[in-house]
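Structure assessment
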Amino acid sequence: MFEFARWLGSTPLSIGIQSISWLTPLLQAIHIVMVGIVFVSVLMIVLRIHGRVRTDEPFIHTWRRFAPWLWSALSVMAFTGLILTIGEPVREATALSFWLKMILIVVAVVSVLGLRRAVAGIAGPTIPAGTRHAAKLVLLVWITIVFLGRAIAYDVEVWRSLSLVHHT
Amino acid sequence: MSVPAFVQAIYDSGVAEWMRQSLKAMPFVESAHVLAIATVFGTILIVDLRLLGWAGAHRPFSVVSREMLPKTWVAFAAAVVTGALMFAPNAITYYGNTAFRLKMLALVLAGLNMAVFHLLTARSPNWEDNAHPPAPGRVAAVLSIALWITIIFLGRWIGFTKGYDFSVPEDVQFDFAQ
């Protein structure tokens, strides 16, 4: 994997990305704007499950309002994230935070879809406590992803000897 | 006290010294700052899109606004606290950084835009149930979205332009720019 990252870093595409000084901050800024849309979309879905917002409409309306924004912004993030990774492949591949983040993104997407299924299966207007607790957990996963994203820049400080920097 | 003296006092404060010494604090404070600004932007975007009639237009504006803005303020308070914790250890450099100054200016403009909207535009009667509010409301919404995106961009630009003005402990890769 580290070999692949080193090779990727030496490709013309990667070198091209590295050579444009404003590209990385631009992509990171777009990435953070999208965090706003993704995180608040999930927050609204979770708060609706808790009956804290949009109680004047059924859950499915809240889902239909925010799910398209969630998936669209997440797609943009996948793209900006991919270009950023191609631009700095060794930094990403040697960061434990990066790999944990990738795993948690899969968990987060599957679990938010799971929430949607769970709530759709409920007959009455009250959402059971188990589903509400699960919703909190899903939100926590998304929050952890934001922290891991920032922690990529501080892998040694955060993870000390666990950082993959020591295993290259 | 002059502004540079005030900035120096922040730089010399115990909190600033603690942030400089603690290597683990910065990533956590920065992450919390990203989460806070993301929540500010996302919640304001919901209100602004409603104001434009582009999303959630079937719900009255005041309902959307009352639902979202308390969350915006909590997140904004968190952004101010975490922002101050990032500013303090590197205060003198931040103070002289153009992106930082422009970000503060954009924050003031976003605040003024919000104040004008709530004190003047939103006071005019009988429009808030409309899917498409009158022009001043829509202008405020566009300005708000543009200013908050600008604030996020400038925030990221600070990290790439400022450097740092204190010595880093030995053996530590401490790169704020990343």
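Residues numbered from 1 in each chain as written. Chains lettered and ligands numbered in written order. Predicted model: local features only at pLDDT ≥ 70, side-chain atom pairs only at ≥ 80, totals over all residues.

1. Some words on the overall build of chain A
Looking only at helices and strands, chain A features eight helices and zero strands. The order of α-helices and β-strands along chain A, N terminus first, is α-α-α-α-α-α-α-α. The principal-axis extents of the C-alpha atoms in chain A amount to approximately 55 × 30 × 20 Å. Every one of the 168 residues in chain A was classed for burial, and the buried ones make up 39%. Summarising the internal contacts of chain A: among those between residues at least 6 apart in sequence, 78% fall at separations of at least 24. (Helix = DSSP H or I, 4+ residues; strand = E, 2+ residues; numbered from the N terminus. Buried ≥ 20, exposed ≤ 12 C-beta atoms within 10 Å, placed from the backbone. Contact = placed C-beta atoms within 7 Å.)

2. Describing the overall build of chain B
Within chain B one finds seven helices and zero strands. Beginning at the N terminus, the succession of helices and strands in chain B can be written as α-α-α-α-α-α-α. In chain B, which comprises 178 residues, the share counted as buried stands at 38%. Considering only intrachain contacts with a sequence separation of at least 6, the fraction spanning at least 24 residues in chain B is 78%.

3. So, the interface of chain B and chain A
Chain B puts 26 residues into the contact, and the matching count from chain A is 22 residues. Counting residues per element, the ones that place at least two in the side of chain B that touches chain A are helix H3 (25-52) and helix H7 (135-161) of chain B. Counting residues per element, the side of chain B that touches chain A draws most heavily on H3 of chain B, which supplies 13 residues. Here the side of chain B that touches chain A is composed, by residue class, of 15 nonpolar, seven polar and four charged. (Nonpolar A, V, L, I, M, F, W, Y, C, P; charged D, E, K, R; others polar.)

4. A closer look at the packing of helix H6 (residues 98-119) of chain B against H7 of chain B
Residues and elements named next belong to chain B. H7 packs onto H6 with a crossing angle of 160 degrees between their chain directions and a minimal axis gap of 8 Å. The angle between H6 and H7 places the two elements in the roughly antiparallel class. You can see that H6 and H7 cross each other, and the crossing is left-handed. Across the interface between the two elements, Ala99, Phe100, Leu102, Lys103, Ala106, Leu107, Leu109, Ala110, Asn113, Met114 and Phe117 of H6 pack against Ala140, Leu143, Ser144, Leu147, Trp148, Thr150, Ile151, Leu154, Gly155, Trp157, Ile158 and Thr161 of H7. Among the residues forming the contact of H6 with H7, the class breakdown is 17 nonpolar, five polar and one charged. (Axes fitted to C-alpha atoms, helices over the stretch in contact; angles between N-to-C directions. Parallel < 35°, antiparallel > 145°, perpendicular 65-115°, else oblique. Left-handed = near helix turned anticlockwise from the far one by under 90°.)

5. Structural notes on the packing of helix H7 (residues 129-151) of chain A against H3 of chain B
At a minimum axis separation of 9 Å, H7 of chain A and H3 of chain B run at an interaxial angle of 130 degrees. The pairing of H7 of chain A with H3 of chain B is recorded here as oblique in orientation. The chirality of how H7 of chain A crosses H3 of chain B is right-handed. For the pair formed by H7 of chain A and H3 of chain B, the contact residues are Ile143, Val146, Phe147, Arg150 and Ala151 of chain A on the first element and Pro27, Glu30, Ser31, Val34 and Leu35 of chain B on the second. Of the residues in the contact of H7 of chain A with H3 of chain B, the class split is seven nonpolar, one polar and two charged.

6. Some thoughts on H6 of chain B
Residue and element names in this part refer to chain B. Taking 1.5 Å per residue, 22 residues should reach 32 Å; H6 reaches 31 Å between its end C-alpha atoms and fits that length. Within H6, the full set of buried residues consists of Phe100, Lys103, Ala106, Leu107 and Phe117. Buried residues of H6, viewed axially, fall in a sector of 120 degrees; they line one side. In H6, the exposed residues that point more than 90 degrees away from the buried face are Thr98, Val108, Leu112, Ala115 and Leu119. Close packing links the buried residues of H6 with helix H5 (91-96) and H7. (Expected span 1.5 Å × (residues − 1). Arc of directions from axis to C-beta.)

7. Quick look at the environment of Leu139 of chain A
Along the chain, the position of Leu139 of chain A falls in helix H7. With near-sequence residues (within four places) excluded, Leu139 of chain A lies in contact with Val42, Leu43 and Val46 of chain A.

8. Considering the nonpolar core
Within soluble globular proteins, side chains that are nonpolar generally end up buried alongside one another. Within the largest apolar cluster, 85 residues are counted, with the highest numbers of intra-cluster contacts made by Val38, Phe39 and Val42 of chain A together with Phe41 and Ile152 of chain B. Element by element, the count of residues in this core is highest for helix H3 (residues 23-49) of chain A, at 16 residues. In this structure, Phe41 of chain B is in contact with Val33 and Gly36 of chain A together with Trp148 and Ile152 of chain B, ignoring residues within four places of it in sequence. (Core = buried A, V, L, I, M, F, W, Y, C linked by C-beta atoms within 7 Å.)

9. Describing unusual backbone geometry
Both trends apply: most residues other than glycine have a negative phi, and most peptide bonds are in trans. Residue and element names in this part refer to chain A. Residue Arg54 is not a glycine yet carries a positive backbone phi of 50 degrees. Along the chain, Arg54 falls in the loop between H3 and helix H4 (59-87). Given 21 C-beta atoms within 10 Å, Arg54 falls into the buried group. Despite not being glycine, Arg160 has its phi angle at roughly 50 degrees, a positive value. As for its position among the elements, Arg160 is in the segment after helix H8 (155-159).

10. A word on the environment of Val7 of chain B
Residues and elements named next belong to chain B. Take Val7: it is sitting in helix H1 (residues 3-12). Given 19 C-beta atoms within a 10 Å radius, Val7 is considered partly exposed. Counting along the chain gives 155 residues from Val7 to Lys162, while the straight-line C-alpha distance between them is 16 Å. In this structure, Val7 is in contact with Ala91, Ile92 and Tyr95, ignoring residues within four places of it in sequence.

Nothing here speaks to function; it is geometry throughout.
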